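Structural overview for review
Listed below are the residues making up each chain.
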Amino acid sequence: MRTTCPYCGVGCGISAEAEGRALSVAGDPAHPANLGRLCSKGSALGATVGLEGRLLHPTIGDRPATWAEATGLVARRLREAIARHGPDSVAFYVSGQLLTEDYYAANKLMKGFIGSANIDTNSRLCMASAVVAHKLAFGADLVPGCYEDLDLADLVVLSGHNAAWTHPVLFRRLEAARARGQRHVVIDPRRTDTAEAADLHLPIAPQTDVRLWNGLLADLIRRGAIDLAFLSAHVGGFAETEAELARADQSPAAVAADCGVPLADLERFFRWFAATPRTVSLFSMGANQSAQGVAKGLAILNVHLATGRIGKPGACPFSITGQPNAMGGRETGGMATTLAAHMDFEEAARARVRRFWGAPTIAERPGLRAVEMFEAVREGRIKALWIMATNPAVSLPDAGRVREALAACPFVVVSDVMAATDTSAFAHVRLPALAWGEKDGTVTNSERRISRQRPLLPPPGEARADWRIVADVATAMGFGEAFGWRTPAQVFREWARLTAYDNPDRVLNLGPLAALTPEAYDALEPVQWPVTAAGGAPRLFTDGRFQTPDGRGRMHPVAAEGPAEPVDPGYPLALNTGRVRDHWHTLTRTGLAPELCRHAPEPYVEIHPADAAPLGIAEGALTRIVTRQGEAVATARLSDRQRPGSVFLPMHWTQAFAPAGRANPLVAARTDPRSGQPEFKHTPARVRPYRETWRGFLLAPAAVEPPRGCDLVWRRIPQPACQLHEFAGRGDGAEREAVRRALARGAPAEVLRFEDPAAGVLREAFLAEGRLERVLFLAAAGELPPRDWLAELFAGGVLDPLQRAALLVGRAPGRAVEAGPVVCACRGVRQPRIEAAIADGARDLDAVAGATGAGASCGSCRPEIARLLSATSPQVRHAA
Ligand SMILES: Nc1nc2c(c(=O)[nH]1)N[C@H]1C(S)=C(S)[C@@H](COP(=O)(O)OP(=O)(O)OC[C@H]3O[C@@H](n4cnc5c(=O)[nH]c(N)nc54)[C@H](O)[C@@H]3O)O[C@H]1N2
Ligand SMILES: Nc1nc2c(c(=O)[nH]1)N[C@H]1C(S)=C(S)[C@@H](COP(=O)(O)OP(=O)(O)OC[C@H]3O[C@@H](n4cnc5c(=O)[nH]c(N)nc54)[C@H](O)[C@@H]3O)O[C@H]1N2
Ligand code: SF4
Ligand SMILES: [Mo]
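Reading guide: rules and limits
- Residues numbered from 1 in each chain as written.
- Chains lettered and ligands numbered in written order.
- Predicted model: local features only at pLDDT ≥ 70, side-chain atom pairs only at ≥ 80, totals over all residues.
- Heavy atoms only, no water.
- Patch = residues over 30% accessible without salt bridge, like charges linked within 9 Å, V, L, I, M, F, W, Y side chains within 5 Å.
- Areas by Shrake-Rupley, 256 points an atom, 1.4 Å probe, with all protein chains shown as cover.
- Salt bridge = Lys/Arg side-chain N within 4 Å of Asp/Glu carboxyl O.
- Lys, Arg positive; Asp, Glu negative; His and termini not counted.
- Charge placed at Lys NZ, Arg CZ, Asp CG, Glu CD.
- Helix = DSSP H or I, 4+ residues; strand = E, 2+ residues; numbered from the N terminus.
- Buried < 20%, exposed > 50% of the residue type's maximum accessible area, 1.4 Å probe, protein only.
- Pairing = 2+ DSSP bridges.
- Axes fitted to C-alpha atoms, helices over the stretch in contact; angles between N-to-C directions.
- Contact = heavy atoms within 4.5 Å.
- Near = heavy atom within 4 Å.
- Polar contact = N/O pair within 3.5 Å; in protein donor to acceptor, adjacent residues only side chain to side chain.
- Nonpolar A, V, L, I, M, F, W, Y, C, P; charged D, E, K, R; others polar.
- Expected span 1.5 Å × (residues − 1).
- Parallel < 35°, antiparallel > 145°, perpendicular 65-115°, else oblique.
- Left-handed = near helix turned anticlockwise from the far one by under 90°.
- UniProt positions renumbered as here; feature names shortened; annotations may be inferred.
- Domains from an automatic or database assignment.
- Buried area = accessible area lost by both parts, 1.4 Å probe.

Some details on a positive patch on the surface
Residues Arg686, Arg688, Arg691 and Arg730 make up a contiguous surface patch of positive charge. Within the secondary structure, arginine 730 is located in the loop between strand 29 (723-729) and helix 25 (733-744). Relative accessible area serves as the criterion here: at 45%, arginine 730 is assigned to the partly exposed category.

Following this line, the structure appears as C-alpha cells:
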C-alpha cells in the first residue's frame, strides 16, 4: 500500500505492508518528493503504530461515553454558548496534522454554520509570517517553487532552516546537488549540522535577518545586479523599497557589524548571490518565528523579485512547511485570517462561499489568532474550545499561562489519538481520532503537492476520522444536510469544487479533481496544484504574472528592527528554541519509539563555553534556565557551535516526559503584529547551575510518575524493554530516603541491596520469580554506572547467576562499557565507536558505514558523522 509520511512537510511517499498491527515501511521509489528515501523518523513509523496509550473511546470527564452522548454534549454546549454569548464565544484550535478533508469540515462548520472565524491552526506558530509575506508580495499565499528547483539551483541559501535535522530527505537531495557543484549558504546563529555541511555559514546575531537581506538588496543595486527588465514589466514597489534602504548605512562593513559576522564572509555571500541566477532561498522557523517574521519573509522575497529569480527553473524564494499538511490548512481556511480557498473576508468572497455552502450565515471578519485565542480563553471570553490534533499546553508560548487558560475554560473538547497528553488533562470531553496508518485522505506538502494518506490498519476501538467527528457534531447541532458526507472522497470533491467555484483568477484551483470517482480518489497520484486538465503545475509565476489586481508582484519596504524584547543585564542571554533530529514536537508519537529517543534522550541546553565558564557550568551539569515567564532545568551541553550570548533549548519535552525540561513556560508570547506568529526564537534569559546534591535512576517495565511532594528534576527515557527514569534533587538524606520509599512502594519482596550511607549510595534490584522488576540507584556523590546493560536485562527473562551477581555493580561481567551519545539511531551506534573507526583509518562516510554500520540506513546521521570526520581531518569534510 502506498501512503504519505505523517511527519514533516517534505511529504515523503511510503510503501508499507501491514500484518495485523505490525507494519513494515519503506520509501516509495515512485513518489516525486523522496524517490524512495526516508529519514530516521519515517523509517521508525512501524514502532509508533501500537495501541499502547491510544485513546480508543470517547470520554466525558473520566468516564467512557458513547459517541452519541459525547457528540450530543459537544453540540449542546456549543449551541448554548452561541445562544447566550454569540458565535464568537466558541473557538476551534486545529492543526497541520489534520488531513485536508478534516480541515475543510472544521472550517465549514465554524465559518459557515456557527458564523465565527474563531478557528485557527497551530500553523499560526509556524507558517503565518510566510503566509502574510506571500499575500503582500504575490497577492495570495502562493509558494512559487518546487523540489526540482533544489536540484537545479547553483546556489541554495538556507535562512533559519536546519534542514539536516528537520527536512532530512530534502537535505539528502541537497547533499547530492552539492556533490555536483551546488553551493550552500546557511544563515543561522547556531552552527547546525546544516551549517556545518555548507560552503559558507553566516552565524548572524539573533534577529538581524532583515538587516542582512536589506544589505544584500542594496549591494545588488550598487552592483547593477538587479533585473531592470523584470522589474519594469512585472514588479511594483521598487522605488519605495530603495528609499527605505537609503535610511540606513547599507555598506557591507556596517551590515556585517550589525549582523555580527565577518565582513569577508558577508561579501562572499553578496558576490555569490549576485553571480548566481539559479538561486533558491529556503526560509523556515528562524525567519517565521519572529516578531518581525513578515519583514524577514518580505526582505527575502524583495531580493528575488528585484533580481527576477522567481518562476524560473532553479530560482525562487522557498518557504518550507513544517507539518505534513500545513499547506492544506492554508488552502482550506484553517487560519482565522482567511475565509476559505485563498479567499478572504471581502463582501464578494463571503457571498460566494456562503452560496456555495448553502450556509445560514458566514463569518464577517477574521477571528482570533492562536495566541489571542488562548488569551481570550483565559479572560473568559471563550466559553467552549475544541482542540484537534495539537498539544497547545506544550507548544504555545508562555505555556504556564496557556495552562491557566485551559484550566479556567468552562468547556474544553480535545480530539486526539492519544489518551493522555498535557492538553487532554484539561479536557471535559475527549474524542478518539484515527491515527496515521488508519486515516484516509489527502495532505499537501511544501511544493503544493497533494498526496494520499491511505489506511493500512483497521480502525482501533471506536476511533473515528477527524472529519467525521466534526460532521457528527455539526449534524447534532442541526446542520446535517450540509455535513452528510459518507466518505473522505465526498469531502475532497466538495473541497475541490469550492476551489473552482466562480474562480476566474485564483491560482489555487483543483477543478479537475472535483469529479474524481471514488476509485480515482483512492488511486490518486501525487499532483501539484493548480491542477488543470493537463495535470499539475510545478512552478508558479512562470509568465511573470502574480495574483495581485494588476498582475504585478510587489516589493515592500522593510526596516530592520531588533528583537521584540532585547536582552538586558538581568537576562543577558538570547534563548533560542527549536527541534532535534529524531523527535517530533510533543513526543506523543516519536516518544513511543525507543530508537528515536537515543539521539537526544533528555532535555538539554546548548551553551557556548565562554558563557558557561564564568557561571561554573560544566558539560553534563544540570542547569537552570530562567526567563521573565518561567524556568526550566536541562543538562548543559557546552559547544562552540552556539553563538556566544545565545542558548538553545529544544521544544519537545512535556509534563509526561520531563516536567522540569519544558521549553515553553519560558518563552514570551510576543508576536509579529501582522502575522500573529510568536517569537519562539528569542526570549531574554539567564542560566545558572542547578547544583543537585544527589542523583538517581529507576528502571521499571512501565512509566512511573515522579513521587509527589518532592521537588525533583525528573526525566523519563523509553528503552526497548523498559522505561528509564533519571532524577536529581537538591535535598538531604531525608529527601533521598523519601524518594527511595516512594519508588520502592509495591515492588516485589525479593530484593538485592547495596548501601553505603556514609557516601549516600544506595543500589536496589527487585526481582519476582527471578525476573527483574525494578532497579533503583541513588548516589549523593560520584558517578552512577551506565544504564544500558541493566535496561537490556528487562528483555531477558530469568536472570542467570552471573547477571545477578553483577546487578548491583551495574555492568555486564567481562563486557566493555558502551558510553557516549548515540549518533546513528537506526543501528544504535555511539560516538566513541565511530571515533574509533576513524582512528582506525576510516576516511569517509562509506568507510565509517562499512566499519560500524552507522549512516548505512536512513542517512539522517550522515551530517553528524561528517562532522566527526572533519574534526579529525579537515580535508575529508569536502569529500563527505
Ligand atoms: N526532527 C524534526 N523535524 C521536524 C519537526 C520536528 O519536530 N522534528 N517539525 C516540523 C515542523 S512543524 C517545522 S515548523 C519544521 C521547522 O524546521 P526548522 O525551521 O529547520 O527548525 P527549527 O529548529 O525550529 O529552527 C530552525 C533554525 O532557526 C534558527 N534561528 C533562530 N533564531 C534565528 C534568527 O534570528 N535568524 C535566523 N536566520 N535563524 C534563526 C535556529 O537556530 C534553528 O537552527 O521542522 C519540521 N520537521
Ligand atoms: N518553543 C517552541 N515552541 C514551538 C515551536 C518552536 O520552534 N519552539 N514550534 C511551533 C511549531 S512550528 C509547531 S508546528 C507546533 C507543533 O506543536 P503541536 O501541534 O502541539 O505538537 P504535536 O506533538 O505535533 O501535537 C499533535 C497532537 O495531535 C495528536 N495527533 C496526531 N495525529 C492526530 C490525528 O490524526 N488526529 C488527531 N485528532 N490528533 C492527532 C498527537 O497525539 C498530539 O497530541 O509547535 C510550536 N511550538
Ligand atoms: S523527511 Fe522524514 S519526517 Fe519528513 S516526510 Fe520524509 S520521512 Fe517523513
Ligand atoms: Mo511547524
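Having put the structure on the table, let's press on.
Looking at the pairing of strand 12 (residues 279-283)
Counting buried positions along strand 12 yields five of five residues, so the element is predominantly enclosed. In strand 12, alternate side chains face the same way, and those of Thr279, Ser281 and Phe283 on one face and Val280 and Leu282 on the other are all buried. Relative to strand 12, strand 8 (residues 155-159) runs parallel, the two sharing five bridges. Counted as the bridge partner of valine 157 is serine 281 from strand 12.

So, the sheet that holds strand 13 (residues 316-319)
Two orientations exist for strands paired in a sheet by backbone hydrogen bonds: parallel and antiparallel. Within the open sheet, the five strands sit side by side as 10-9-8-12-13. Their pairing is parallel. Each of the sheet's edge strands pairs with one partner strand only, and the pair in question is strand 10 (200-202) and strand 13. The mean inter-strand angle of the sheet, taken between neighbouring strand axes irrespective of direction, is 15 degrees. The sheet contacts of helix 7 (residues 168-179) involve strand 8, strand 9 (183-187) and strand 12, and relative to strand 9 the element is tilted by about 130 degrees.

Concerning the site of ligand 2
Looking at ligand 2, there are 30 residues lining it, with Ser395, Asp416, Lys439, Thr586 and Asn664 nearest. With respect to ligand 2, the side chain of asparagine 122 contributes an N or O atom lying 2.7 Å from an oxygen atom. In this structure, glutamine 289 approaches ligand 2 through a side-chain N or O atom, which is 3.0 Å from a nitrogen atom. Surface burial for ligand 2 is 99%, taken as the share of its 920 Å² of free accessible area covered by protein chains. Among the secondary structure elements, those contributing two or more residues to the shell around ligand 2 are strand 15 (412-416) and strand 21 (573-578). Here the shell around ligand 2 is built from residues that sort into 10 nonpolar, 15 polar and five charged.

Considering helix 22 (residues 488-500)
For helix 22, spanning 13 residues, the distance from its first C-alpha to its last is 19 Å, which sits close to the expected 18 Å at 1.5 Å a residue. Listing the buried residues of helix 22 in full gives Pro488, Ala489, Val491, Phe492, Glu494, Trp495, Ala496, Leu498 and Thr499. Here the buried face of helix 22 lies against helix 3 (100-114), helix 16 (326-332), helix 17 (347-357), strand 17 (441-444), helix 21 (466-479) and helix 23 (518-522). Where helix 22 terminates, the next one or two residues include aspartate 502, which has phi positive at roughly 50 degrees.

Thoughts on the packing of helix 9 (residues 209-223) against helix 15 (residues 293-306)
Orientation of helix 9 relative to helix 15, taken along the N-to-C sense of each, is 15 degrees, at an axis distance of 8 Å. Classified by the angle their axes make, helix 9 and helix 15 are roughly parallel. Judged by the sense of rotation from one axis to the other, the crossing of helix 9 with helix 15 is left-handed. Where helix 9 abuts helix 15, its residues Asp209, Val210, Trp213, Asn214, Leu216, Leu217 and Leu220 lie against Ala295, Lys296, Ala299, Ile300, Asn302, Val303 and Ala306. Its residues assigned to classes, the contact of helix 9 with helix 15 comprises 10 nonpolar, two polar and two charged.

Remarks on the UniProt feature "domain: 4Fe-4S Mo/W bis-MGD-type" (unreviewed entry) in the chain
In the UniProt entry, the feature "domain: 4Fe-4S Mo/W bis-MGD-type" (unreviewed entry) is given for residues 1-53. Along residues 1-53, the helical share is 8% and the strand share 30%, with 26 Å between the first and last C-alpha atoms.

Describing the domain arrangement of the chain
Here the domain parsing of the chain yields domain 1 (54-126 + 325-492), domain 2 (128-319), domain 3 (573-689), domain 4 (694-806) and domain 5 (822-879). Just the C-alpha atoms count here: the centres of domain 3 and domain 5 sit 26 Å apart. On the domain 5 side, the residues contacting the six residues of domain 3 number eight residues. Each partner contributes to the roughly 630 Å² buried at the junction of domain 3 and domain 5, and carbon and sulfur atoms together form 45% of this total. Along the contact surface separating domain 3 from domain 5 lie one salt bridge. A salt bridge links arginine 581 to glutamate 864; its shortest N-O distance comes to 3.1 Å.

Describing the pairing of strand 26 (residues 683-689)
Counting buried residues in strand 26 gives five out of seven residues, a clear majority hidden from the surface. As defined by bridge partners, strand 21 adjoins strand 26 across three bridges and the pair is classed as antiparallel. Considered in strand 26, the bridge of leucine 573 is made with alanine 685. In this sheet, strand 26 lies alongside strand 23 (residues 622-627) in antiparallel orientation, the contact comprising five bridges. Within strand 26, the position partnered with arginine 624 by the bridge is arginine 688.

Re the site of ligand 1
Surrounding ligand 1, one finds 33 residues, the nearest of these being Asp188, Asp209, Ser284, Arg579 and His583. Measuring from a nitrogen atom of ligand 1, one finds a backbone N or O atom of arginine 581 at 2.8 Å. Histidine 585 has a polar backbone atom sitting 3.1 Å from an oxygen atom of ligand 1. If ligand 1 stood free it would expose 910 Å²; the protein chains cover 99% of that surface.

Section: the side chain of glutamine 453
Structurally, the position occupied by glutamine 453 is in strand 18 (residues 449-453). Beyond its immediate chain neighbours, meaning those up to four positions away, glutamine 453 contacts Thr3, Thr4, Cys5, Pro6, Leu99, Trp436, Lys439, Asp440, Gly441 and Val443.

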